Amino acid sequence: MSCVKQSGEAASGLPGPDPAFNAYAAMQPRVPAQTPAEARNGRRVKESAVPPQGVYLPNDNVLTPQMRSPEYVQMSNAAAITLGIMPGRMHRCGCTRCLNLLLTYPEGCRANCAYCGLARHREAERDYADRNFIRVDWPAVPMEQVVDIVARDGMKSPFHRMCISMITHPRSDEDAVAVLKAWTARIDPATIPVSILSNPTTMARADVQRLRELGAEIFTVALDAATPTLFERTRGKGVQSPHRWEKYWEVLLDARDVFGPQKFGAHIIVGMGETEFEVLSLVQQLVDLGGHSHLFCFFPEQGSLMDHLPATPRDQWRRVQLARYLIDFAGVRIEQMSFDAEGRVTGYGLPAAEVDDVVGQGVAFRTSGCPGKFSDDVSACDRPYGDSPPSDIASFPFQPNKRDLQKIRRQLRIPVVPG
Ligand code: SF4
């Protein structure tokens, strides 16, 4: 029996959804342009071979030095500020709790994902280390310096977790291992646990096993697209990119076997053309396998093949955030929820007062990701403003306050509590 309710009527006494949502037909990426031979494979950077000198802040006006993992890694501005290697302050955030370390090479990522600022088609436009990624720049830092600072801070470190983010590159399996070894040689993974954001395209089950044996605690797979069709369009042949849905699932199931329940998960971007029913079916499938989902709100990254498309409407995003939280952490099943003919959530499978209570707690609208030290449903990976501008926050990198919650209620079209 289908749980898609074929009407626009709302369950749980809530008003029906807003008609606007990012439908599949409207979310077509651009076709990537050919890169001139002189700009392919990081040739400019490799031929000029400028030696790196410590921390490199992305700068489109200078010749990018030749930096490679495992000696160098990139990190978000938020992580660099928290680590104290870059000046700056973040809107309403003291720091980030997750140190995301991104592997880096002059050749960059060899994939071409349509929504990603790091994609290969940008070779002609910007050197790899200067490309924006999830809305912000990613400074490059010597790995030794990163480890020195975190080891020096010891138990006082602000970080609750470290994450090694792989990209699609022939060296990335070996270098993920090298970065993990460099970390665990000086920092106890029981104090700051390690997650792996994997690149399944280059990995085999033995690679997954090896990372577990070397001390990684959680393994995630960035499916990003919620359906096979959308995956092919945004990460596969549709954009001349090497990824395959089947391979991603093979490695995801390897991770389930090797890392075990609650220690694996998948990233999903909401609003690239899937329906709410489709993305929540995937969330349920992951929970049934024993894993978790980490959601990102689609944002048209400047320079990407989807930069002409609209960000996910906030009402669509909030419904999926709330429903995902209920499935992941409150034991509600998708079969209890109701949907309209367009696959939009019209009921959350709980009485309105209980839904209201979860909304009021606010945790459902925080950034989702691997847990930190506060509680299982509060992510260490808070990615400040990684999927929205601070003026219209999608994933809250902190606990939403009363005014934030009033805005969220308006976006969800549920009554605003006076006060
Ligand atoms: S594999 Fe990852 S880093 Fe590379 S283009 Fe795709 S999303 Fe971006």
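Residues numbered from 1 in each chain as written. Predicted model: local features only at pLDDT ≥ 70, side-chain atom pairs only at ≥ 80, totals over all residues. Heavy atoms only, no water.

**Describing helix 4 (residues 172–184)**
Here is step 1 of the chain: For helix 4, built from 13 residues, the straight-helix expectation of 18 Å at 1.5 Å per residue is met to within 8% by its first-to-last C-alpha distance of 18 Å.
Here is step 2 of the chain: Looking only at helix 4, the buried set comprises Ser172, Asp173, Asp175, Ala176, Val177, Val179, Leu180 and Trp183.
Here is step 3 of the chain: Of the surrounding secondary structure, the elements contacted by the buried residues of helix 4 are strand 1 (72–74), strand 2 (98–103), helix 3 (143–153), strand 4 (161–165), strand 5 (194–198) and helix 5 (205–213). (Helix = DSSP H or I, 4+ residues; strand = E, 2+ residues; numbered from the N terminus. Expected span 1.5 Å × (residues − 1). Buried < 20%, exposed > 50% of the residue type's maximum accessible area, 1.4 Å probe, protein only. Contact = heavy atoms within 4.5 Å.)

**As for the pattern of salt bridges**
Here is step 1 of the chain: Taken as a whole, this structure holds 29 salt bridges when the rule is applied.
Here is step 2 of the chain: Note that Arg30 is salt-bridged to Asp307, the shortest N-O span being 2.9 Å. Here Arg30 is found in the segment before helix 1 (43–48), whereas its partner Asp307 is found in the loop between strand 8 (292–297) and helix 9 (314–329), with 277 residues between them in sequence.
Here is step 3 of the chain: Look at Arg30 and you get partly exposed, because its relative accessible area is 36%.
Here is step 4 of the chain: Ionic pairing is found between Asp257 and Arg205, a salt bridge with its closest N-O pair at 3.1 Å. A residue pair is termed long-range when its members are at least 10 positions apart, and Asp257 in helix 7 (residues 245–259) and Arg205 in helix 5 qualify at 52 residues.
Here is step 5 of the chain: Looking at Asp257, the relative accessible area reads 42%, which means it is partly exposed.
Here is step 6 of the chain: Within the structure, one salt-bridge network assembled from shared partners comprises Arg205, Asp254, Arg256 and Asp257. (Salt bridge = Lys/Arg side-chain N within 4 Å of Asp/Glu carboxyl O.)

**Some thoughts on the packing of aromatic side chains**
Centre distance and the angle of the planes are the two values used to describe a pair of aromatic rings.
Here is step 1 of the chain: By the definition in use, this model includes seven aromatic pairs.
Here is step 2 of the chain: A connected cluster of aromatic rings, assembled from ring pairs, spans Phe231, Trp245, Tyr248 and Trp249.
Here is step 3 of the chain: Here the basic side chain of Arg233 rests over the ring of Tyr24, its NZ or CZ set 3.7 Å away from the ring centre.
Here is step 4 of the chain: The ring of Phe296 is capped by Arg383, whose NZ or CZ atom sits 3.9 Å from the centre of that ring. (Phe/Tyr/Trp six-rings, centres within 6.5 Å; stacked < 30°, edge-to-face > 60°. Lys NZ or Arg CZ within 6 Å of the ring centre and 35° of its normal.)

**Quick look at the pairing of strand 8**
Here is step 1 of the chain: Across the six residues that make up strand 8, a large majority, six, are buried.
Here is step 2 of the chain: Pairing of strand 7 (residues 264–270) with strand 8, which is carried by six bridges, proceeds in the parallel orientation. Bridge pairing links His267 to His294 in strand 8.
Here is step 3 of the chain: With respect to chirality, the unit in which strand 7 leads through helix 8 (residues 276–289) into the neighbouring parallel strand 8 is right-handed. (Pairing = 2+ DSSP bridges. Right-handed = clockwise from strand over helix to strand, strands pointing away.)

**Structural notes on the sheet that holds strand 5**
Here is step 1 of the chain: In space, the eight strands of this open sheet follow the order 3-1-2-4-5-6-7-8, with mixed pairing throughout. Because the sheet does not close on itself, it has two edges, and the strands there are strand 3 (140–142) and strand 8. The mean angle between the axes of side-by-side strands here comes to 30°, regardless of whether they run parallel or antiparallel.
Here is step 2 of the chain: Examined bridge by bridge, strand 1 and strand 3 share three bridges and lie antiparallel to one another. Residue pairing for strand 3: Val73 is matched across the bridge by Val141.
Here is step 3 of the chain: Against the sheet, helix 3 touches strand 1, strand 2 and strand 3, its axis set at about 75° to strand 3. (Axes fitted to C-alpha atoms, helices over the stretch in contact; angles between N-to-C directions.)

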